[in-house]
Amino acid sequence: MSTGLLQVRVEHCQLEAEDIRSYELVSADGSPLPPFTAGAHIDVHVGAGLVRQYSLCNPPQERHRYVIGVLRDPSSRGGSRAMHDEVQAGATLQISAPKNHFPLADAGRSLLLAGGIGVTPILAMAEALSARGAAFEMHYCARSPERTAFRERIVAAPFAQQVHFHYDGGDAAQKLDLPALLAQLDRKTHIYLCGPAGFIDHVKATAKAQLWPQEQLHLEYFGAAAQSTGGDQPFEVKLASSGKVYAIPADSTVLRVLTDAGVFIPASCEQGVCGTCLTRVLDGVPDHRDLYLDESEQAANDQFTPCCSRSKTGTLLLDL
(Lines give C-alpha, C1' and ligand atoms only; values in the text may rest on other atoms or scores of the structure.)
Protein backbone atom coordinates (compact mmCIF):
# COMPACT_ATOMS: atom_id res chain seq x y z
CA MET A 1 0.00 0.00 0.00
CA SER A 2 1.43 3.38 -1.06
CA THR A 3 2.14 5.88 1.69
CA GLY A 4 2.36 8.78 -0.74
CA LEU A 5 5.91 9.45 0.44
CA LEU A 6 8.91 9.97 -1.82
CA GLN A 7 12.19 8.13 -1.33
CA VAL A 8 15.18 10.45 -1.71
CA ARG A 9 18.93 10.18 -1.28
CA VAL A 10 21.13 12.81 0.33
CA GLU A 11 23.41 13.66 -2.57
CA HIS A 12 25.41 16.27 -0.70
CA CYS A 13 25.41 18.04 2.65
CA GLN A 14 27.62 20.85 3.89
CA LEU A 15 28.01 23.44 6.61
CA GLU A 16 26.56 26.72 5.32
CA ALA A 17 27.12 28.78 8.47
CA GLU A 18 27.60 28.26 12.17
CA ASP A 19 25.06 25.57 13.23
CA ILE A 20 23.38 25.52 9.79
CA ARG A 21 23.75 22.67 7.31
CA SER A 22 22.29 22.32 3.83
CA TYR A 23 21.12 19.04 2.33
CA GLU A 24 20.75 18.34 -1.38
CA LEU A 25 18.12 15.66 -1.92
CA VAL A 26 17.68 13.71 -5.16
CA SER A 27 15.21 11.02 -6.14
CA ALA A 28 16.39 7.58 -5.04
CA ASP A 29 15.41 6.06 -8.40
CA GLY A 30 16.72 8.93 -10.54
CA SER A 31 13.31 10.16 -11.67
CA PRO A 32 12.43 13.87 -11.71
CA LEU A 33 11.08 15.20 -8.43
CA PRO A 34 7.60 16.75 -8.23
CA PRO A 35 7.63 20.45 -9.16
CA PHE A 36 7.42 23.12 -6.49
CA THR A 37 6.85 26.85 -6.21
CA ALA A 38 8.74 29.44 -4.16
CA GLY A 39 7.74 29.30 -0.49
CA ALA A 40 7.05 25.55 -0.52
CA HIS A 41 8.20 23.09 2.13
CA ILE A 42 8.50 19.33 2.48
CA ASP A 43 7.87 17.02 5.42
CA VAL A 44 11.04 15.08 6.19
CA HIS A 45 10.68 11.80 8.09
CA VAL A 46 13.82 12.00 10.17
CA GLY A 47 13.20 8.89 12.25
CA ALA A 48 10.47 6.72 13.73
CA GLY A 49 7.54 9.04 14.40
CA LEU A 50 9.75 12.11 13.89
CA VAL A 51 8.53 14.40 11.08
CA ARG A 52 9.86 17.89 10.53
CA GLN A 53 9.09 20.54 7.93
CA TYR A 54 11.83 22.27 5.96
CA SER A 55 11.46 24.94 3.29
CA LEU A 56 12.94 24.38 -0.15
CA CYS A 57 15.55 27.00 -0.98
CA ASN A 58 16.83 26.04 -4.43
CA PRO A 59 15.53 27.66 -7.64
CA PRO A 60 11.92 26.46 -8.11
CA GLN A 61 12.46 25.61 -11.79
CA GLU A 62 14.78 22.77 -10.77
CA ARG A 63 13.35 19.24 -10.92
CA HIS A 64 16.48 17.19 -10.28
CA ARG A 65 16.92 18.14 -6.62
CA TYR A 66 15.52 19.76 -3.50
CA VAL A 67 17.78 21.81 -1.19
CA ILE A 68 16.90 22.45 2.45
CA GLY A 69 18.72 24.25 5.25
CA VAL A 70 18.59 22.99 8.84
CA LEU A 71 19.52 24.97 11.94
CA ARG A 72 20.81 22.98 14.88
CA ASP A 73 18.45 24.18 17.58
CA PRO A 74 19.76 23.82 21.15
CA SER A 75 16.17 23.31 22.32
CA SER A 76 15.56 20.72 19.60
CA ARG A 77 13.00 18.03 20.30
CA GLY A 78 15.02 15.65 18.13
CA GLY A 79 14.55 16.80 14.55
CA SER A 80 17.42 19.20 13.92
CA ARG A 81 19.75 17.23 16.18
CA ALA A 82 19.06 14.04 14.24
CA MET A 83 19.55 15.79 10.90
CA HIS A 84 22.91 17.25 11.97
CA ASP A 85 24.26 14.20 13.79
CA GLU A 86 22.84 11.25 11.87
CA VAL A 87 22.00 12.27 8.28
CA GLN A 88 25.02 12.28 5.99
CA ALA A 89 25.64 12.11 2.23
CA GLY A 90 24.39 8.79 0.86
CA ALA A 91 21.61 8.42 3.44
CA THR A 92 18.06 7.77 2.26
CA LEU A 93 15.06 9.64 3.60
CA GLN A 94 11.33 9.63 3.12
CA ILE A 95 9.73 12.97 2.34
CA SER A 96 6.34 14.31 1.33
CA ALA A 97 5.66 16.03 -1.96
CA PRO A 98 6.12 19.81 -1.69
CA LYS A 99 3.31 21.84 -0.10
CA ASN A 100 3.00 25.61 -0.22
CA HIS A 101 1.25 27.70 2.46
CA PHE A 102 3.49 30.70 1.72
CA PRO A 103 3.22 31.41 -2.02
CA LEU A 104 4.20 34.51 -3.95
CA ALA A 105 1.30 36.75 -4.93
CA ASP A 106 0.94 38.39 -8.33
CA ALA A 107 2.53 41.70 -7.38
CA GLY A 108 4.33 44.41 -9.32
CA ARG A 109 6.92 44.82 -6.59
CA SER A 110 8.00 42.67 -3.65
CA LEU A 111 10.00 43.17 -0.45
CA LEU A 112 11.60 40.03 0.98
CA LEU A 113 12.53 40.02 4.68
CA ALA A 114 14.47 37.09 6.18
CA GLY A 115 15.43 36.51 9.79
CA GLY A 116 18.04 33.81 10.47
CA ILE A 117 17.14 30.37 9.11
CA GLY A 118 13.94 31.97 7.77
CA VAL A 119 16.06 32.82 4.74
CA THR A 120 15.31 29.43 3.17
CA PRO A 121 11.86 30.12 1.62
CA ILE A 122 12.83 33.77 1.04
CA LEU A 123 15.84 32.64 -1.00
CA ALA A 124 13.63 30.51 -3.26
CA MET A 125 11.39 33.57 -3.71
CA ALA A 126 14.39 35.70 -4.72
CA GLU A 127 15.37 33.04 -7.27
CA ALA A 128 11.84 32.94 -8.70
CA LEU A 129 11.40 36.72 -8.86
CA SER A 130 14.85 37.17 -10.42
CA ALA A 131 14.16 34.49 -13.05
CA ARG A 132 11.06 36.33 -14.24
CA GLY A 133 12.62 39.79 -14.08
CA ALA A 134 10.29 41.02 -11.34
CA ALA A 135 11.09 44.06 -9.21
CA PHE A 136 12.14 43.16 -5.66
CA GLU A 137 14.64 43.76 -2.92
CA MET A 138 15.68 41.44 -0.12
CA HIS A 139 16.88 42.20 3.41
CA TYR A 140 18.55 39.39 5.35
CA CYS A 141 18.96 39.80 9.11
CA ALA A 142 21.33 37.50 11.03
CA ARG A 143 23.24 37.55 14.29
CA SER A 144 26.63 37.78 12.58
CA PRO A 145 28.33 37.04 9.24
CA GLU A 146 29.38 33.65 10.67
CA ARG A 147 25.70 32.72 11.15
CA THR A 148 24.58 33.91 7.70
CA ALA A 149 23.65 30.81 5.73
CA PHE A 150 23.97 30.81 1.91
CA ARG A 151 25.89 34.11 1.92
CA GLU A 152 28.35 32.97 -0.76
CA ARG A 153 25.53 31.73 -2.96
CA ILE A 154 23.66 35.04 -2.61
CA VAL A 155 26.76 37.16 -3.30
CA ALA A 156 27.32 35.18 -6.52
CA ALA A 157 23.67 35.27 -7.61
CA PRO A 158 22.35 37.41 -10.48
CA PHE A 159 20.24 39.28 -7.92
CA ALA A 160 23.13 39.99 -5.52
CA GLN A 161 22.77 43.77 -5.90
CA GLN A 162 19.16 43.55 -4.67
CA VAL A 163 20.15 41.88 -1.37
CA HIS A 164 21.13 43.75 1.81
CA PHE A 165 22.70 42.02 4.83
CA HIS A 166 22.08 43.22 8.39
CA TYR A 167 23.72 41.93 11.58
CA ASP A 168 22.86 42.24 15.26
CA GLY A 169 26.39 43.41 16.03
CA GLY A 170 28.74 45.79 14.25
CA ASP A 171 28.24 49.29 12.89
CA ALA A 172 24.79 50.68 13.64
CA ALA A 173 24.57 52.02 10.08
CA GLN A 174 24.25 48.50 8.64
CA LYS A 175 21.36 47.50 10.90
CA LEU A 176 17.88 47.29 9.39
CA ASP A 177 15.90 50.50 9.88
CA LEU A 178 12.53 48.92 9.22
CA PRO A 179 10.31 52.00 9.79
CA ALA A 180 12.41 53.99 7.30
CA LEU A 181 12.41 51.11 4.79
CA LEU A 182 8.63 50.68 4.87
CA ALA A 183 8.01 54.44 4.80
CA GLN A 184 9.75 54.83 1.44
CA LEU A 185 8.15 51.79 -0.22
CA ASP A 186 5.54 51.97 -2.96
CA ARG A 187 2.29 51.21 -1.12
CA LYS A 188 1.40 48.53 -3.67
CA THR A 189 4.45 46.48 -2.65
CA HIS A 190 3.81 43.00 -1.23
CA ILE A 191 5.95 42.11 1.77
CA TYR A 192 7.11 38.54 2.51
CA LEU A 193 8.72 37.73 5.84
CA CYS A 194 10.01 34.59 7.47
CA GLY A 195 11.97 34.06 10.66
CA PRO A 196 11.65 33.56 14.41
CA ALA A 197 8.64 34.87 16.31
CA GLY A 198 10.38 38.00 17.62
CA PHE A 199 11.44 39.03 14.11
CA ILE A 200 7.94 38.44 12.70
CA ASP A 201 6.28 40.34 15.53
CA HIS A 202 8.60 43.33 15.02
CA VAL A 203 7.79 43.50 11.30
CA LYS A 204 4.05 43.07 11.90
CA ALA A 205 4.01 45.82 14.53
CA THR A 206 5.99 48.21 12.31
CA ALA A 207 3.72 47.54 9.33
CA LYS A 208 0.61 48.01 11.47
CA ALA A 209 1.93 51.33 12.82
CA GLN A 210 2.31 52.52 9.22
CA LEU A 211 -1.19 51.25 8.31
CA TRP A 212 0.25 48.78 5.81
CA PRO A 213 -2.57 46.79 4.10
CA GLN A 214 -2.74 43.42 5.87
CA GLU A 215 -3.51 41.56 2.65
CA GLN A 216 -0.10 42.65 1.33
CA LEU A 217 1.76 41.12 4.28
CA HIS A 218 2.67 37.44 3.81
CA LEU A 219 4.50 35.55 6.55
CA GLU A 220 5.75 32.23 7.79
CA TYR A 221 7.13 31.59 11.28
CA PHE A 222 10.19 29.48 12.05
CA GLY A 223 9.58 28.23 15.55
CA ALA A 224 7.27 29.57 18.22
CA ALA A 225 8.28 31.61 21.23
CA ALA A 226 7.90 29.80 24.54
CA GLN A 227 4.56 30.52 26.22
CA SER A 228 3.79 30.62 29.92
CA THR A 229 1.81 27.54 30.91
CA GLY A 230 1.63 28.24 34.65
CA GLY A 231 -2.07 29.12 34.55
CA ASP A 232 -3.19 26.19 32.39
CA GLN A 233 -6.27 24.33 33.57
CA PRO A 234 -7.43 20.79 32.78
CA PHE A 235 -10.33 20.32 30.36
CA GLU A 236 -11.93 17.56 28.27
CA VAL A 237 -12.25 16.77 24.60
CA LYS A 238 -15.04 14.65 23.13
CA LEU A 239 -14.74 12.86 19.79
CA ALA A 240 -17.80 13.27 17.58
CA SER A 241 -17.32 9.89 15.87
CA SER A 242 -17.27 7.71 18.99
CA GLY A 243 -18.58 9.93 21.79
CA LYS A 244 -15.50 9.08 23.82
CA VAL A 245 -14.29 11.72 26.25
CA TYR A 246 -10.63 12.28 27.13
CA ALA A 247 -9.28 14.33 30.04
CA ILE A 248 -6.51 16.77 29.12
CA PRO A 249 -4.31 17.50 32.18
CA ALA A 250 -2.85 20.94 32.74
CA ASP A 251 0.64 19.66 31.91
CA SER A 252 -0.19 17.84 28.67
CA THR A 253 -1.63 18.59 25.23
CA VAL A 254 -4.64 17.32 23.30
CA LEU A 255 -2.31 15.87 20.69
CA ARG A 256 -0.26 13.94 23.25
CA VAL A 257 -3.28 12.56 25.11
CA LEU A 258 -5.08 11.45 21.95
CA THR A 259 -1.94 9.98 20.39
CA ASP A 260 -1.27 7.98 23.56
CA ALA A 261 -4.88 6.73 23.39
CA GLY A 262 -4.39 5.50 19.82
CA VAL A 263 -6.28 8.34 18.11
CA PHE A 264 -4.27 9.36 15.05
CA ILE A 265 -3.79 13.05 14.31
CA PRO A 266 -1.15 13.98 11.72
CA ALA A 267 1.43 16.30 13.26
CA SER A 268 4.81 17.76 12.46
CA CYS A 269 6.15 20.85 14.22
CA GLU A 270 4.19 20.39 17.50
CA GLN A 271 4.53 24.15 18.10
CA GLY A 272 1.45 25.51 16.33
CA VAL A 273 3.45 26.78 13.38
CA CYS A 274 2.83 24.39 10.49
CA GLY A 275 -0.92 23.61 10.61
CA THR A 276 -0.46 19.88 9.98
CA CYS A 277 -2.55 18.90 13.02
CA LEU A 278 -5.36 21.41 12.37
CA THR A 279 -8.63 19.89 13.64
CA ARG A 280 -12.25 21.03 13.30
CA VAL A 281 -14.05 22.13 16.46
CA LEU A 282 -17.80 21.44 16.50
CA ASP A 283 -18.58 22.89 19.92
CA GLY A 284 -16.72 24.76 22.66
CA VAL A 285 -14.27 27.66 22.50
CA PRO A 286 -10.59 26.95 21.85
CA ASP A 287 -7.79 28.85 23.57
CA HIS A 288 -5.72 29.53 20.47
CA ARG A 289 -1.94 29.47 20.97
CA ASP A 290 -0.84 28.77 17.42
CA LEU A 291 0.95 30.95 14.90
CA TYR A 292 -0.70 29.30 11.90
CA LEU A 293 -4.25 30.68 11.89
CA ASP A 294 -4.77 34.38 11.31
CA GLU A 295 -6.86 36.51 13.69
CA SER A 296 -10.11 36.08 11.75
CA GLU A 297 -9.65 32.29 11.53
CA GLN A 298 -8.99 32.09 15.26
CA ALA A 299 -12.04 34.26 15.99
CA ALA A 300 -14.27 31.81 14.09
CA ASN A 301 -13.40 29.13 16.72
CA ASP A 302 -14.25 26.29 14.32
CA GLN A 303 -10.76 24.78 14.18
CA PHE A 304 -7.66 24.64 16.37
CA THR A 305 -4.19 23.14 16.66
CA PRO A 306 -4.25 20.32 19.25
CA CYS A 307 -0.47 20.31 19.52
CA CYS A 308 -0.44 23.52 21.57
CA SER A 309 -3.87 25.16 21.83
CA ARG A 310 -6.18 24.47 24.75
CA SER A 311 -9.79 25.26 25.69
CA LYS A 312 -11.60 28.21 27.26
CA THR A 313 -14.59 25.97 27.95
CA GLY A 314 -14.81 22.78 29.97
CA THR A 315 -15.20 20.60 26.87
CA LEU A 316 -14.28 20.79 23.19
CA LEU A 317 -16.24 18.64 20.74
CA LEU A 318 -13.84 17.63 17.95
CA ASP A 319 -14.60 16.39 14.47
CA LEU A 320 -12.61 13.20 15.02
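Conventions we followed
- Here the residue index of a chain counts from 1 through its sequence in written order.
- The model is predicted, so local features are restricted to residues of pLDDT at least 70 and side-chain atom pairs to those at 80 or more, both for listing and for counting; the totals for chains, interfaces and linings are taken over all residues.
- Neither water nor hydrogens contribute to the side-chain values; these are computed over all heavy atoms in the structure.
- The definition of a nonpolar core used throughout is a set of buried Ala, Val, Leu, Ile, Met, Phe, Trp, Tyr and Cys residues joined through side-chain atoms within 4.5 Å.
- Exposure classes here rest on a 1.4 Å probe applied to the protein chains alone. A residue is buried below 20% of its type maximum, exposed above 50%, and partly exposed in between.
- For the purposes of this entry, the term helix denotes a DSSP run of H or I that reaches at least four residues, the term strand denotes a run of E that reaches at least two, and both are numbered from the N terminus.
- Within this document, salt bridges are pairs made up of a side-chain nitrogen of Lys or Arg and a carboxyl oxygen of Asp or Glu, the two lying within 4 Å of each other.
- Any two strands are treated as partners once DSSP identifies two or more bridges connecting them.
- Working rule for helices: expected span equals 1.5 Å times residues minus one.
- Contacts between residues were defined by any pair of non-hydrogen atoms, one from each residue, lying within 4.5 Å.
- Axis lines are fitted to C-alpha atoms, over the contacting stretch for helices. Their N-to-C directions set the angle, which ranges from 0 to 180 degrees.

Of all hydrophobic cores here, the largest spans 32 residues; its most connected members are Leu112, Ile122, Met125, Met138 and Tyr140. Mapped onto this core, the elements with two or more residues apiece are strand S7 (109–115), helix H2 (119–131), strand S8 (135–142), strand S9 (163–167) and strand S10 (190–195). Here this core gets eight residues from one element, more than from any other, and that element is H2. Among the nonpolar cores identified, the runner-up in size contains 22 residues, and Val8, Val10, Ile68 and Val87 belong to it.

This brings us to the pattern of salt bridges. Within this structure, the stated rule accounts for 13 salt bridges. Glutamate 24 is the partner of arginine 65 in a salt bridge, and the nearest nitrogen-oxygen pair spans 3.6 Å. Of this pair, arginine 65 sits in the loop between strand S4 (50–55) and strand S5 (66–71) while glutamate 24 sits in strand S2 (residues 20–27); the two residues are 41 residues apart in sequence, bridging distant segments of the chain. The partner of aspartate 287 in a salt bridge is arginine 289, and the shortest N-O contact between them spans 3.0 Å. Accessibility assignment for this pair places aspartate 287 and arginine 289 in one class, buried. Residues participating in the shared-partner salt-bridge network are Asp232, Asp287, Arg289 and Arg310.

Only one face of strand S18 (residues 315–318) is covered, namely the face carrying Leu316 and Leu318; the face carrying Thr315 and Leu317 is uncovered. As judged from the four bridges shared by strand S12 (residues 235–239) and S18, these two strands associate in the parallel manner. What sits directly across from leucine 239, in S18, is leucine 318.

Residues lying three or four places apart along an α-helix face the same way, a consequence of the helix completing one turn every 3.6 residues. Taking 1.5 Å of rise per residue, 13 residues should cover 18 Å, and helix H5 (residues 197–209) covers 18 Å from first to last C-alpha, within 8% of that figure. Within H5, burial applies to Ala197, Phe199, Ile200, Val203, Thr206 and Ala207. Structurally, H5 contributes buried residues whose contacts are with S7, S8, helix H4 (178–183), S10 and strand S11 (217–221).

Attention now moves to unusual backbone geometry. Positive phi, normally seen in glycine, also occurs at aspartate 19, with a value near 70 degrees. Inspection of the secondary structure assignment puts aspartate 19 in the loop between strand S1 (6–17) and S2. Of note in this structure, asparagine 301 is not a glycine but carries a positive phi near 55 degrees. Looking at the secondary structure, you find asparagine 301 in the loop between helix H7 (295–300) and strand S16 (303–304). A relative accessible area of 22% places asparagine 301 in the partly exposed class.

Right, let's talk about the sheet that holds S5 for a bit. Strand order in this open sheet of six strands is S4-S3-S6-S1-S2-S5, and the pairing throughout is antiparallel. The open sheet has two free edges, formed respectively by S4 and S5, since each of these has just one partner strand. When strand polarity is set aside, the average angle formed by the axes of neighbouring strands in this sheet is 40 degrees. Here S1 runs beside S2; their pairing, made up of eight bridges, is antiparallel. Looking across to S2, one finds that histidine 12 is bridged to glutamate 24. Along the sheet face, helix H1 (residues 79–86) touches S2, strand S3 (41–47), S4 and S5 and points at about 110 degrees away from the line of S5.

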